[in-house]
Amino acid sequence: MFHCFFPRPKLFFSSFALFSLLCVIVWFTLGESLAHYLSFGGVFGYGFPADFAVDADDAAKAAHAAATQSAVNFFFYEYIAVCISAFCIFWMTYAPHKWSRWSVLGSVLIVFVIWFQVQVDVMINAWFGTFYDLVQKALSAPNSIQPADFWWGIWTFFSIASIAVTVAVINLFFVSHYVFRWRTAMTEYYTEHWPRLRHIEGASQRVQEDTMRFASTVEGLGTRIIDTVMTLIAFLPILWVLSKHVTELPLIGEVPDSLVFVAIVWAAVGTALLAVAGMKLPGLEFRNQRVEAAYRKELVLGEDHKERAQPPTLHGLFDNVRHNYFRLYFNYLYFNVVRYAYLQTDAIFAYVILGPTIISGTITLGVLQQISRAFGRVTNSFQFLVNSWTTIVELISIYKRLKAFEAAMLDKPLDDIEAEAGGSLIPAQAE
């Protein structure tokens, strides 16, 4: 599943995680100091400004700070480019692979685009604070703002949003090709070993459908995990700073860094609840694929052999389908009760936490919007398992089905769920 597309998958993914962590640590500890010595921003008009005079006014200091931040931002892109290039060159040299251009370069490109989208989201969050403060001022005192300021705020949002939309559309187009290349790699690999695989129940479906579903599901979960981590890196400091506006929590009272504390606890509670409620679903989903495959195969054989697909046989196979679906429906019933109850509560939970602060009137509308969005981004990131549990269940069932292929190719025993007594998935002996 992975070896056919990625060079040395375990080492590739672990090295990517460790190298990314190292790059993050270096940036947050030495980033700005390195920028003064290594940046080429001055060539493109993003050099560091000269120190301002001791008696400089506030406007000069603000201009100096803005120019310095622009220079640091430019160097950050230089830093990212160097890190990406170093990682890709190493892997394409150290472990050449037929699909390296897609698996190595493509994966790194997807990660970079995800990071860029998170940065755009941070810009939008900052816009919410400025714009809603402007709205509050206008509503509290009629004609207190200039029309140009209002319309400029609207235009600023559309300029940021247009970038976000363009990047998202291009990324989805690229990801579609990326997933299909991965599916192609798996299909080629399995078809090369088809004589050893063809006797496994549902082999045709596993090659034709499960490879596509596995590639797209893993890619989707993988990008969400990366987005989750990057969102936490970007928004946790913002939420930490915004916590100074929230000095009291309902029923608890004063808690230092309250928003971060509450976000972690709330997400942990939801994750634990969903994990307990959905622990039986992976096995049921997998068995569902088994009974469907057995029923479908008998129908296909009945098209060419009149002695197959007789009513008693089909009735028994469909009884297995019905029995498993009813069990699945029942387990999803209480799983969805827990899931939707939690998510509906989550929709208003931030306002419950902010209740004493809102009632006391100690924050502005703009700060309220910033806190609400940042809190939502952080809790959604911590709630990765809550939001992705059904997809994870589906992925586990697909993985178990494709794992049987690899077991057959390596002459390893099948998993218990594949070879259980009376099951129809035990490979028949080749003639």
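Residues numbered from 1 in each chain as written. Predicted model: local features only at pLDDT ≥ 70, side-chain atom pairs only at ≥ 80, totals over all residues. Heavy atoms only, no water.

Structural notes on the UniProt feature "transmembrane region" (unreviewed entry) in the chain
Stage number 1. With numbering aligned to this structure, UniProt lists the feature "transmembrane region" (unreviewed entry) at residues 12-30, 74-92, 104-130, 150-174, 221-240, 260-281, 325-342 and 348-368.
Stage number 2. With 100% helix and 0% strand, residues 12-30 has its two end C-alpha atoms placed 26 Å apart.
Stage number 3. What you have in residues 325-342 is 100% helix and 0% strand, and the ends, taken at the C-alpha atoms, are 25 Å apart. (UniProt positions renumbered as here; feature names shortened; annotations may be inferred. Helix = DSSP H or I, 4+ residues; strand = E, 2+ residues; numbered from the N terminus.)

A short note on the packing of helix α1 (residues 9-38) against helix α2 (residues 58-94)
Stage number 1. For the pair α1 and α2, the least separation of the axes is 9 Å and the interaxial angle reads 150 degrees. Crossing angle aside, the handedness with which α1 passes α2 is right-handed.
Stage number 2. Its residues assigned to classes, the contact of α1 with α2 comprises 18 nonpolar, 3 polar and 2 charged. (Axes fitted to C-alpha atoms, helices over the stretch in contact; angles between N-to-C directions. Left-handed = near helix turned anticlockwise from the far one by under 90°. Nonpolar A, V, L, I, M, F, W, Y, C, P; charged D, E, K, R; others polar.)

Side note on unusual backbone geometry
Stage number 1. Even without a glycine there, the phi angle at R8 is positive, about 45 degrees.
Stage number 2. Within the element layout of this structure, R8 appears in the segment before α1.
Stage number 3. Of the residues examined, R8 reaches a relative accessible area of 46% and is grouped as partly exposed. (Buried < 20%, exposed > 50% of the residue type's maximum accessible area, 1.4 Å probe, protein only.)

Focus on the packing of aromatic side chains
Stage number 1. Counted according to the given criterion, the structure contains 41 aromatic pairs.
Stage number 2. Aromatic pair F76 and W115: ring centres 5.1 Å apart, planes at 40 degrees, arrangement tilted. Of the two residues, F76 sits in helix α2 while W115 sits in helix α3 (residues 100-140), which places them 39 residues apart along the sequence.
Stage number 3. Measuring from ring centre to ring centre gives 5.5 Å for F128 and Y132, while their planes differ by 5 degrees; the resulting arrangement is stacked. Of this pair, F128 and Y132 both sit in helix α3, separated by 4 residues, roughly a single helical turn. (Phe/Tyr/Trp six-rings, centres within 6.5 Å; stacked < 30°, edge-to-face > 60°.)

Remarks on the side chain of T217
Stage number 1. Examined against the element boundaries, T217 turns out to sit in helix α6 (residues 203-242).
Stage number 2. With a relative accessible area of 9%, T217 lands in the buried category.
Stage number 3. T217 has contacts with T391, L395 and I398, leaving out every residue within four places of it along the chain. (Contact = heavy atoms within 4.5 Å.)

Observations regarding the pattern of salt bridges
Stage number 1. If you walk through the whole model with that rule in mind, you get 3 salt bridges.
Stage number 2. A salt bridge links E188 to K98, with the nearest nitrogen and oxygen atoms 2.9 Å apart. Within this pair, whereas E188 is found in helix α4 (residues 147-192), its partner K98 is found in the loop between α2 and α3, the two being separated by 90 residues in sequence.
Stage number 3. In this structure, D121 engages R373 in a salt bridge whose closest nitrogen and oxygen atoms are separated by 2.9 Å. You can see D121 sitting in helix α3 and its partner R373 sitting in helix α11 (residues 365-382), a full 252 residues away along the chain. R373 shares its class with D121; the two are buried. (Salt bridge = Lys/Arg side-chain N within 4 Å of Asp/Glu carboxyl O.)

Section: the nonpolar core
Within soluble globular proteins, side chains that are nonpolar tend to cluster in buried spots.
Stage number 1. Ranked by internal contacts, the top residues of the largest apolar core, which has 68 residues, are F5, W182, M186, F214, L239, L259 and F375.
Stage number 2. Top contributing element to this core by residue count: α6, with 11 residues.
Stage number 3. Leaving out residues up to four positions away in the same chain, F214 has contacts with M1, F2, W182, M186, L395, I398, Y399 and L402.
Stage number 4. Core analysis: the next-biggest nonpolar cluster, separate from the first, contains 9 residues, L274, L281, Y332 and W389 among them. (Core = buried A, V, L, I, M, F, W, Y, C linked by side-chain atoms within 4.5 Å.)

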